[in-house]
Amino acid sequence: MKSVVVALGLMAWAATAVAADHRVVIEGMAFTPKVVAVKPGDTITWVNQDIVVHNVTAGAAGIKSGDLKPGQSWRHTVRRGVSFDYLCSLHPVMTGRVQVEGEGKPLRPARPRSTS
Amino acid sequence: MTIKKPLATVLCALLAAAPLGAVHAANPNDAQIAAIVVAANTVDIDAGKLAESKTKNKDVRAFAQRMVADHSGVNKQAVALVKKLHVTPEANDTSKSLTQGGETTRDRLKGLSGHDFDKAYVDNEVSYHETVLDALDKTLIPGASNAELKALLVKVRPAFVAHLEHAKHIQAELK
């Protein structure tokens with residue numbers, strides 16, 4: 001039993017050890033880098049260094065940071081192996097993408113099903 | 001042939017929805033630039049507040065709310081900077097014309113409603129942001145002598161670009 005606990009602990013440690021932290025800077029009305037490549041378990045921190053309020057929103061992926069005032073940041077851990085596009089819903093011209101390695105198709109808004 | 005006009009005349013004409021000409025550098029000093037920046041933002045804040053109260057279009061309302069919030073944020077930073085630099089914004093022909101032109105535009109918009117209002121407001125927003133960008137590039141940024149003031153203007157510029165793109169998108173939808 002003890003060995004199982006140790007093994008599980010080691011696995012958890014290993015998972016934590018390989019998870020990476022990524023940083024996306026919001027400045028000049030843009031997300032930089034525009035595309036961030038991650039693995040499941042990685043953490044992304046968006047930092048608002050701009051002069052106005054922004055947010056990070058991806059409705060289809062359930063991502064919603066809420067308002068990030070200048071100087072504020074928001075952290076998100078990628079739990080699923082699915083890439084997604086996001087935007088600042090306050091300034092829809094600002095877009096970005098989280099590209100998850102080893103995943104299938106990106107999340108897209110669900111299309112209405114035909115009833116015919 | 002390019003017709004050159006003083007900056008004040010052009011910005012005033014812009015806000016009254018008159019045809020635009022090329023922006024001629026009027027060589028304002030830093031105190032005057034500060035006053036122009038504050039006046040330009042205030043004009044768009046006031047227009048946004050009017051749009052918030054009049055429009056029934058959700059996209060126009062969201063855009064107007066964004067203009068009020070963003071330009072208020074820019075003004076807050078501009079005022080904080082001039083205080084730090086011990087610069088007193090100096091009213092000048094351009095800042096006065098901006099304020100007067102803004103009032104003229106709001107009076108015109110107040111007489112409109114529905115789609116006519118939305119279209120006139122958004123058309124004016126496109127022209128406004130285009131001309132302020134032109135003024136930033138040709139007069140305000142090159143003319144600022146204080147490094148921090150110049151840096152703030154450079155930092156503000158992308159917001160005007162994004163607002164312009166956003167306004168053009170809504171403008172296309174309203175046609």
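Owing to the predicted nature of the structure, the values given are computational and were not obtained by experimental measurement. (Residues numbered from 1 in each chain as written. Chains lettered and ligands numbered in written order. Predicted model: local features only at pLDDT ≥ 70, side-chain atom pairs only at ≥ 80, totals over all residues.)

## Some thoughts on the overall build of chain B
No. 1: Helix and strand counts for chain B stand at six helices and two strands.
No. 2: The linear arrangement of helices and strands in chain B, starting from the amino end, is β-α-β-α-α-α-α-α.
No. 3: Counting every position in chain B, which comprises 175 residues, the buried fraction comes to 41%.
No. 4: Nonlocal contacts in chain B, meaning residues at least 24 apart in sequence, comprise 76% of its contacts between residues at least 6 apart. (Helix = DSSP H or I, 4+ residues; strand = E, 2+ residues; numbered from the N terminus. Buried ≥ 20, exposed ≤ 12 C-beta atoms within 10 Å, placed from the backbone. Contact = placed C-beta atoms within 7 Å.)

## Examining the overall build of chain A
No. 1: In terms of regular secondary structure, chain A is built from one helix and nine strands.
No. 2: Reading the helices (α) and strands (β) of chain A from amino to carboxyl end gives α-β-β-β-β-β-β-β-β-β.
No. 3: In chain A, which comprises 116 residues, the share counted as buried stands at 26%.
No. 4: Looking at chain A alone, contacts between residues at least 24 apart form 46% of all its contacts between residues at least 6 apart.

## A look at the sheet that holds strand β7 (residues 73–77) of chain A
Residue and element names in this part refer to chain A.
No. 1: Reading across the sheet, the four strands line up as β2-β1-β4-β7 and stay open at both edges, with mixed pairing between neighbours. Of all the strands in the sheet, just β2 (30–32) and β7 have a single pairing partner and so form its edges. Sheet twist, expressed as the mean angle between neighbouring strand axes with direction ignored, is 20 degrees. (Pairing = 2+ DSSP bridges. Axes fitted to C-alpha atoms, helices over the stretch in contact; angles between N-to-C directions.)

## Side note on the interface of chain A and chain B
No. 1: Across the contact, 10 residues belong to chain A and 14 residues belong to chain B.
No. 2: Partitioned by chemical class, the residues of the side of chain A that touches chain B number eight nonpolar, two polar and no charged. (Nonpolar A, V, L, I, M, F, W, Y, C, P; charged D, E, K, R; others polar.)

## Comments concerning the environment of I44 of chain A
Residue and element names in this part refer to chain A.
No. 1: Examined against the element boundaries, I44 turns out to sit in strand β4 (residues 43–48).
No. 2: As a C-alpha pair, I44 and A19 span 25 residues in sequence and 11 Å in three-dimensional space.
No. 3: Contact partners of I44, with chain neighbours within four places excluded, come to H22, V24, V36, V38, H76, V78 and V98.

## So, the pairing of strand β1 (residues 21–27) of chain A
All names here are of chain A.
No. 1: Relative to β4, β1 runs parallel, the two being bridged by six bridges. Paired with I26 across the bridge in β4 is N48.
No. 2: Pairing of β1 with β2, which is carried by three bridges, proceeds in the antiparallel orientation. Bridging from a neighbouring strand, I26 pairs with F31 of β2.
No. 3: Counting the residues that bridge the hairpin from β1 to β2 gives two residues, and of these G28 lies at a positive phi of roughly 60 degrees.

## Let's talk about the pairing of β4 of chain A
Within a regular strand, the side chains alternate between the two sheet faces.
No. 1: Pairing of β4 of chain A with β7 of chain A, which is carried by five bridges, proceeds in the antiparallel orientation. Counterpart to T45 of chain A in the pairing with β7 of chain A is R75 of chain A.

## Brief notes about the packing of helix α5 (residues 114–143) of chain B against helix α6 (residues 147–174) of chain B
Residue and element names in this part refer to chain B.
No. 1: It is at 9 Å that the axes of α5 and α6 come closest, and there the two elements cross at 155 degrees. Considering their axes alone, α5 and α6 lie roughly antiparallel with respect to each other. When you trace α5 past α6, the crossing you get is left-handed.
No. 2: In terms of residue class, the contact of α5 with α6 is built from 15 nonpolar, three polar and eight charged. (Parallel < 35°, antiparallel > 145°, perpendicular 65-115°, else oblique. Left-handed = near helix turned anticlockwise from the far one by under 90°.)

## Examining the nonpolar core
No. 1: If you look at the biggest cluster of nonpolar residues, it comprises 55 residues, and the most contacted ones within it are I36 and A159 of chain B.
No. 2: Counting only elements with at least two residues in this core, the list comes to β1, β2, β8 (84–88) and β9 (91–100) of chain A together with α2 (30–54), α3 (58–84), α5 and α6 of chain B.
No. 3: Excluding residues that lie within four positions of it along the chain, I36 of chain B makes contacts with P28, T94, S95, L98 and L140 of chain B. (Core = buried A, V, L, I, M, F, W, Y, C linked by C-beta atoms within 7 Å.)

## Let's talk about the confidence of the model for chain B
Residue and element names in this part refer to chain B.
No. 1: Within chain B, residue pLDDT values average 88, and 85% of them lie at 70 or more.
No. 2: Considering only residues more than four positions removed or in separate chains, one finds that residues 1–5, a stretch of pLDDT under 50, has nine contacts.
No. 3: Between residues 12–25, whose pLDDT stays under 50, and residues either more than four places distant or in other chains, the model counts 47 contacts.
No. 4: At the level of chain-chain contacts, confidence expressed as ipTM amounts to 0.80, with global pTM at 0.80. (pLDDT = per-residue confidence, 0-100.)

## Comments concerning the confidence of the model for chain A
No. 1: Per-residue confidence for chain A averages 82 on the pLDDT scale, and 73% of its residues sit at or above 70.
No. 2: Contacts for the low-pLDDT stretch residues 105–116 of chain A, under 50 throughout, to residues beyond four places or in other chains number 11 contacts.

## Considerations on unusual backbone geometry
No. 1: Cis rather than trans, the peptide bond between T32 of chain A and P33 of chain A has omega equal to 0 degrees.
No. 2: Along the chain, P33 of chain A turns up in the loop between β2 and β3 (35–38).
No. 3: Phi is positive for M29 of chain A, close to 55 degrees, though the residue is something other than glycine.
No. 4: Relative to the assigned elements, M29 of chain A resides in the loop between β1 and β2.
No. 5: M29 of chain A sits in the buried class, given 22 other C-beta atoms within 10 Å.
No. 6: Located in the positive-phi region is H86 of chain B, a residue other than glycine, with phi close to 55 degrees.

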